[in-house]
Structure formats: C-alpha cells, structure tokens
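# Structural overview for review
Given next are the chains, with one letter for each unit.
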Amino acid sequence: MSERGPRIQPARRVAYDVIAAVRESDAYANLLLPTRIARASLTPADAGLATELTYGTLRMQGYYDRVIARAAGRAVDRIDPPILDVLRLGTHQLLSMRVASHAAVDESVSLARAVGSRSATGFTNGVLREISRHTPDEWRERILSDASSADDELAAVYSHPVWVVRALRRALEAEDRGAELEDLLAADNTAPRVNLIALPGIAETPPEAGADRFSPFGFTLGGGDPQGIVERNDGRIRVQDEGSQLAALALSRARAVVAGEEWLDLCAGPGGKAALLAAEARLGGASVIANELVPARADLVRRALAGLPEPVEVWERDGTTIGETDPGRFDRILLDAPCTGLGALRRRPEARWRKTPRDVAELTGLQAALLDSAFAALKPGGVLAYVTCSPHIAETRLSVADAVARWGDAAEPLDTASVLQQVSLERMDLAGDPAQVQLWPHRHGTDAMFIALLTKRPAS
C-alpha cells in the first residue's frame, strides 16, 4: 500500500461517501449524489455505477443488515458504522449486481482499510467471503427462515420496516386492493424513470420526448442527461414526477378559472408545484402567491419560479397563521402538507429507515393545523387541494375526515376522481372514495400522492 492509501474505484468511493453522509448527517441522497458525482468528474459509466451502488444499497439496507448479521455472527449495531456501510455496499454488489465476487470483496476491503482500523479489514474480508459462498436464493431462504411473522417476511425480503409494511397494507385495503401489497413493495425498490414537464403556455414538449400516460404536460426522454434540457430552457422545462404534476393540475383544473382569482401555495418548497400553478394561473388571468416558512426552501421556491415570464410573490410565513392574517382571501389553495414521505420511497429510499410511527403522530398534528388555516384563508366557494406524498391512512383519509368533521356544514368534498379523469390523457385506475385519489407507484408509475379537493360553502 502506498503512502496515499489503497486505490479505491471512484464510483465506489462516491457511493460510500453519500451513504455515510446519509447516516451521519441525515443528508438526502437524491440531493447529495449529483453534487458528489460532479465533484469527482465521474464518467457517465462511473456515474451510473455510483448511482446504482448508492440507491440499491439504501433501498435494500434492511435486508442486507439481516444477511450481514447472520454472516458476521453478531448484530449490526455491534459493528462500527463506517464498516457497516462498507459491508452494505459489498453485500449489494455480491447479491444484487453482476460484479465478480473477488472484485466486490477486494474493493470493499480496500475501502474498509481507508475508513476503519487495521482489524476491520480482516473482519470485512471474512464477512463478505462468507456472504459470497452462498447464492442470492440461498440467502433469501435463510433470511425467510429467521422471520418472526408473515409481515416480518415481507419486511425482510422487500427491505421495509414492519410498521411501514402494515401501514401500506391498510392504505391499500381502504381501496379493497390489499392483494397489491407485494407489487407496491417491489415498486418501492425499483428506480423511477426521470419525468419532466414543459410548463403550460410557456414551454413546448421536445419533439423527441415520450408523452406521459396521464399528465398532458409531462414527458420522458429516451436517454441522455435531463439536466441539459432543463438548463437550456431556463427552468421552463423541469424535472417533476407525474404524480406531483397531477396534484397541482387537480387544483387548477377543478373548475374554470375566472380572471382575477388569487391562489395560494401554502407550503410551496421546493417549488415545483408552485411553478406549474403559476403557469396555469397565468393562462386564466389569475395570480399565485407561494409561501414557504423555511428560508432555505423559500430560496428554492424563488429559483423554481425564476423562469416564469412574470414575477411571483414568495412569502416566508408560518402557514398555520395565514388563516388568521388573511381570512377568506384566496380562491384556490394548495396545501401540499409536510408528511412522512412514504410515497416517494423509490427516489428517497433512506426515508423508510428515518421515519417512525412517532413521526406520524407529530405530523398529523401539524397537518391538522395547516388544514384549519388553509380553510380559514379560503374564500366561500373556493377550492382547497389537500395533498401529501404519503399513503399513510392517518396522513390522508383520516386527516381529511377529521378536518371535515371540525368544519361541519361549511365544507363540501368534491369529486376529485372525476377531476383527475378529465385532466388525464388515459383513463386512470382509481379506487375507493371518489372524493379522494390515491396514486401508486405500482399502479400508476408515480409517487404515491394523495389528493383530496374540498370547497367552502357560502355562508347561508
């Protein structure tokens, strides 16, 4: 070994650094990874390898930890965290990638030597060689045999916490679709396609693009870096999940726009939906205000809105107080509420390991306060869209039901499903109460966005 230390393949080093940052400082892999790839000047092939190593390892972390614990003969919480990260990366290469066993082990040992103690290299070598002695199918059978229940089996094989498995089952059962659970869990572990939008009335879909199934303004590219087309169009074309597009369009297309309407995006960060709403409002002669409490996220909103022909006002206010400061002001309000993010596990896989049932309880309290504020700020006859990127029943159906109960006869649910069907290019497979729409990765190819439209009845 040279004085500079072992030679580590750049893609593996980038993947390790991102995974370590996710563990140490709650970094978001989808935000950090592109920066680290650019900083390392990775080739397209190495960038693809770093992406697969990072996301594949984070998605299957729960399963890999069970494999590592069995191979090491000790619980993973007794392994030094940096070495555990190395072992997770190595296990992903051995069980889920077409990487030669000797290459996966040797690179992992070099990485362990760089980030751990001398004794850690022998430990890493021993654990990964034990894992490499058995096929992926053999490991699957071993892990299944250790499971304590049917839910624990699903949690192990599909690498989700047990409480998340149960929450997703309840959400599907609310639509009488409980049999789709394994399809959903598998979809959460599949890399999502990169989806873009050409803002209506401002940008044109490129001729080489493939149209989305549902959004009239969404598209995909056959290949290449989507960031290039985003930069060439100054943000008028942008990356945005199709489900996020549909959530904003449900509000803007709920009824015909009347010139002079004033709309509010109550929790606007990072600004994708605000940009689409502003483009839609512009076509109808309406205006939009975007609100975001956190200054750093408010800056992201301003950046997202910078490509629009006319400026959009951005507030930095506490959304729970806007109903008091601006009662009955807005014709349409989008409340894309802070949530667990369990609907975006494809693109933010680390969220499944960060959230707990306690987070749900805390968030539902905030969601209720924001709902009450939004409803107070809504004009009589106005439309409120309540949106979460989570299918958890407590954050979706129960939040809406509790809010409607608080508001009494003043609130009227709208036929959200009919609005979405009218917006959509294709007929959508929607189930359950038509006043509420739950999108799904396995069924629609989108994030699991929940959308409910309500209106405020005029006072008698």
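Summary of the structure given here. (Residues numbered from 1 in each chain as written. Predicted model: local features only at pLDDT ≥ 70, side-chain atom pairs only at ≥ 80, totals over all residues. Heavy atoms only, no water.)

What the chain contains, in helices and strands, is 21 helices and twelve strands. Compactness check: the chain gives a C-alpha radius of gyration of 24 Å against a globular reference of 23 Å for 460 residues, within 12% of the reference. For the chain, the spread of C-alpha atoms along the principal axes amounts to about 75 × 50 × 40 Å. Taken across its 460 residues, the chain has 55% of its residues classed as buried. At a minimum sequence separation of 6, the contacts of the chain that also span at least 24 residues come to 74%. Per element, the accessible surface of the chain, about 19500 Å² overall, is 50% carbon and sulfur. If the 53 positive side-chain charges of the chain are averaged to one point and the 62 negative ones to another, these points end up 4 Å apart. (Helix = DSSP H or I, 4+ residues; strand = E, 2+ residues; numbered from the N terminus. Rg over C-alpha atoms; globule rule 2.2 N^0.38 Å. Buried < 20%, exposed > 50% of the residue type's maximum accessible area, 1.4 Å probe, protein only. Contact = heavy atoms within 4.5 Å. Areas by Shrake-Rupley, 256 points an atom, 1.4 Å probe, with all protein chains shown as cover. Lys, Arg positive; Asp, Glu negative; His and termini not counted. Charge placed at Lys NZ, Arg CZ, Asp CG, Glu CD.)

A few words on the environment of Ser252. Relative to the assigned elements, Ser252 resides in helix α13 (residues 242-252). Residue classification places Ser252 among the buried positions, given a relative accessible area of 3%. Sequence spacing of Ser252 and Trp263 is eleven residues, and the spatial spacing of their C-alpha atoms is 9.3 Å. Setting aside residues up to four positions removed in sequence, Ser252 forms contacts with Val257, Trp263, Leu277, Glu280 and Arg332. Of the polar contacts made by the side chain of Ser252, one reaches the side chain of Glu280; its length is 2.7 Å. (Polar contact = N/O pair within 3.5 Å; in protein donor to acceptor, adjacent residues only side chain to side chain.)

Take Lys273: it is sitting in helix α14 (residues 272-284). For Lys273, the residues in contact, after removing those within four places along its chain, are Gln240, Ser244, Ala247, Ala248, Asp265, Leu334, Asp336, Val387 and Met449.

Below, the discussion takes up the state of the cysteines. Applying the stated criterion across every chain yields a total of zero disulfides. Take Cys267: it sits in no disulfide, and the sulfur closest to it among the cysteines is that of Cys339, at 11 Å. The exposure class of Cys267 is buried, given its relative accessible area of 14%. (Disulfide = S-S within 2.5 Å.)

With that settled, consider the sheet that holds strand β4 (residues 237-239). Taking strand neighbours across the sheet as the criterion, the four strands line up as β2-β3-β1-β4 in an open arrangement whose pairing is antiparallel. This sheet does not close on itself; its edge strands, each paired only once, are β2 (210-211) and β4. Where β2 and strand β3 (residues 218-220) come together, two bridges link them in antiparallel fashion. Residue pairing in the sheet places Ala211 in a bridge with Phe219 of β3. (Pairing = 2+ DSSP bridges.)

A few words on unusual backbone geometry. A cis amide bond links Gly269 to the next residue, Pro270, at an omega of 5 degrees. For Ser41, which is not glycine, the phi dihedral falls at a positive 50 degrees. Ser41 gets classed as exposed once you look at its relative accessible area, which sits at 60%. We note that Ser159 has phi near 55 degrees; this positive angle belongs to a residue other than glycine. On the accessibility criterion, Ser159 (0% relative accessible area) is buried.

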